Amino acid sequence: MPVFKFKALNQAGKSVEGQQMADTQDAAFERIRARGLHPVSIAPVAGRKRRLRRGRLPRKVVTQTLRQLATLLTAGVPLLEALDNLKRGDTDGDLGERFQALAQHLRQGGRFSEGLKARFPELPDYTFSLAALGESTGQLPRTLSDAAERMASDDALASELKSALTYPVILASVGGLIVFAMFVVVIPRFGGLVDRSGAQIPAISRVVIEAGTWMQANWLYAVAGASLFLAAMRLAVKANGPLFRRWSANAPVTGPLMRKLDLESWARTLGLALANGSQLLPALDLAEQTVRAPELSNQLKGVRRDVRAGAQLDEAFETNVSRADPMLLDLMRTGRKSGTLHAMLLFAADTYRADVTTLSKRLTSIAEPVAILLISSIVGLLVVAIVLAMTSLYNFDI
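Residues numbered from 1 in each chain as written. Predicted model: local features only at pLDDT ≥ 70, side-chain atom pairs only at ≥ 80, totals over all residues. Heavy atoms only, no water.

1. Side note on the overall build of the chain
The test is simple: Starting at the N terminus, helices and strands are each numbered in turn, a helix being any DSSP run of H or I of at least four residues and a strand any DSSP run of E of at least two. Only protein chains enter the accessibility calculation, which uses a 1.4 Å probe; a residue is then buried when its area is under 20% of its type maximum, exposed when over 50%, and partly exposed in between. Any pair of residues with heavy atoms lying within 4.5 Å of one another is described as a contacting pair. Here the Shrake-Rupley method, with its probe set to 1.4 Å, supplies the accessible areas, and only the displayed protein chains count as covering residues.
What the chain contains, in helices and strands, is 17 helices and 3 strands. Counting across all 398 residues of the chain, residues that qualify as buried make up 37%. Put simply, of all contacts in the chain between residues at least 6 apart along the chain, 59% involve residues at least 24 apart. Taken as a whole, the chain presents about 22,300 Å² of accessible surface, with 59% of it coming from carbon and sulfur.

As structure tokens, then:
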């Protein structure tokens, strides 16, 4: 929708400036008059860059947007009015058009959850599921608020992990540059001495020196090859996501972390669905969609099948899920008997989130010494190779 810049006089006679979205200049004039202002001049805003167009919104923007929408709905603002308010708050970006399209979808009789998924694909899958649940139970403000809080919690955990990994990544990068400089600048200098002397040097020294000589002559190809290798690895991970997730889920280091993340997501989604009035079977189907590990997802399908057949949730979970957590089983059993299953599931989810945070911090704290050990080992190996070559060249013992 076009944007018009205007100057107007308010009721006190003071000059004010602003912007107004409208289809035509006449429509902009009428909207400005409806705001209690007397327009003096109106002109279209030309040459404005549409930021974020045809691209994915940053995670921070998506989280803030969902939280604003949940806050407006919780305060009692009607859905269409809330979307109009959010649309007016972003006059020069992609968000305004997305909210306008979503509002039009609702006016045409479409479901909010479907429109949200079509216009905001950056949102997590559980957001659309909770929105659909809120529509069916009449608790849309509450479910969107729960989804916003969950996204904020996920963002906080991701931010902590990124901050913790920043120093090890910088350390590894600087170490890699040092090793590269040694291969390109330092080591080739010894190649000429060895060739002229004709001395017999250890195999490790000859390999290092030949590698340095090749790197000096072909450093551009080496950099290009490394870049292509990293790009190929990234494409391979994207193309074989389920395979890599299955491998990570069975790895000794990442396996426990990913399992706790999946259990936390399953328990939280199931607890939120039950707390917002969902029946157990639809809630189980909703929670199962948030699990990434294929093995655990298949086991949870068995849980849902047994519950549909008449089994209790804790019994079906214990029967179908391998390595079932006793803590989670006890909480589900207690919640079933006391009628507080949703509260027990949310407590279990909070416990898993605390465990994930602790485990993540431990893993990231190991990254720094591992990076130091790896770089120092490589540099030490190069230094030893050079020293062995020099001792062989000059025939003296160390």
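2. Looking at the packing of aromatic side chains
We count it as follows: Pairing of aromatic side chains requires ring centres within 6.5 Å, counting the rings of Phe and Tyr and the six-membered ring of Trp. Pairs whose planes differ by under 30 degrees are stacked, by over 60 edge-to-face, and all others tilted.
Counted by the stated rule, this structure contains 2 aromatic pairs. With centroids separated by 5.4 Å and ring planes inclined at 45°, the aromatic side chains of Phe-99 and Phe-120 adopt a geometry described as tilted. Of this pair, Phe-99 sits in helix H4 (residues 94–107) while Phe-120 sits in the loop between helix H5 (112–119) and helix H6 (125–137); the two residues are 21 residues apart in sequence, bridging distant segments of the chain. The class for Phe-99 is buried, based on a relative accessible area of 3%. The exposure class of Phe-120 is buried, given its relative accessible area of 4%.

3. Structural notes on the environment of Ser-173
Structurally, Ser-173 is set in helix H7 (residues 140–186). The exposure class assigned to Ser-173 is partly exposed, which follows from its relative accessible area of 41%.

4. Observations concerning the side chain of His-105
Mapped onto the fold, His-105 is located in helix H4. Not counting residues up to four positions away in its chain, the partners in contact with His-105 are Gly-110, Arg-111, Glu-114, Gly-115 and Arg-119.

5. Things to note about the nonpolar core
Rules: For our purposes a nonpolar core is just a set of buried Ala, Val, Leu, Ile, Met, Phe, Trp, Tyr and Cys residues, chained together by side-chain atoms within 4.5 Å.
The biggest cluster of nonpolar side chains holds 59 residues, and the ones touching the most others in it are Trp-266 and Phe-317. Ranked by residues supplied to this core, first place goes to helix H12 (residues 254–275) with 7 residues. Once residues within four sequence positions are removed from consideration, Phe-317 is found in contact with Leu-263, Trp-266, Leu-300, Val-303, Ala-324, Leu-328, Leu-329 and Met-332. If you look at the next biggest cluster of nonpolar residues, it comprises 15 residues, including Val-184, Met-215, Ala-222 and Ala-385.

6. Some remarks on a nonpolar patch on the surface
Using the following cut-off: Exposure above 30% relative accessible area and no salt bridge define the residues that can form patches, which grow by joining like charges within 9 Å and nonpolar side chains of Val, Leu, Ile, Met, Phe, Trp and Tyr within 5 Å. Here a salt bridge means any side-chain nitrogen of Lys or Arg lying within 4 Å of a carboxyl oxygen belonging to Asp or Glu.
A cluster of nonpolar residues, Ile-170, Val-174 and Ile-178, forms a patch on the protein surface that exposes about 250 Å² of accessible area. Here Val-174 falls in the partly exposed class, since its relative accessible area comes to 43%.

7. Comments concerning the packing of helix H15 (residues 313–320) against helix H16 (residues 326–338)
What describes two packed helices is the angle between their axes and the distance between those same axes. Where we set the bar: Fitted lines through C-alpha atoms give the axes, limited to the stretch in contact for helices. The angle between two N-to-C directions lies from 0 to 180 degrees. Note that the term roughly parallel is reserved for angles under 35 degrees, roughly antiparallel for angles over 145, roughly perpendicular for angles of 65 to 115, and oblique for everything else. Note on convention: the crossing is left-handed when the near helix lies turned anticlockwise from the far helix by less than a right angle, right-handed when the turn is clockwise. Ten residues, namely Ala, Val, Leu, Ile, Met, Phe, Trp, Tyr, Cys and Pro, are considered nonpolar, four, namely Asp, Glu, Lys and Arg, are considered charged, and the remaining ones, Gly among them, are considered polar.
The interhelical angle for the contact between H15 and H16, taken along N-to-C directions, is 160°, at an axis separation of 8 Å. The orientation of H15 relative to H16 falls into the category roughly antiparallel. Judged by the twist between their axes, the crossing of H15 over H16 is left-handed. Of H16, the residues touching H15 (which contributes Leu-313, Asp-314, Phe-317 and Glu-318) are Leu-328, Leu-329, Met-332, Arg-333 and Arg-336. Per-class residue counts for the contact of H15 with H16 are 5 nonpolar, no polar and 4 charged.

8. As for the pattern of salt bridges
Applying the stated rule across the entire model yields 17 salt bridges. A salt bridge links Arg-353 to Glu-264, with the nearest nitrogen and oxygen atoms 3.3 Å apart. Highlighted residues: Arg-353 in helix H17 (residues 341–394) and Glu-264 in helix H12, separated in sequence by 89 residues. Of the charged contacts in the structure, one is a salt bridge between Asp-350 and Arg-268, with a shortest N-O distance of 3.0 Å. Separated by 82 residues along the polypeptide, Asp-350 in helix H17 and Arg-268 in helix H12 bring together distant segments of the chain.

So, to be careful, I would describe these as geometric facts and stop short of saying anything about function.
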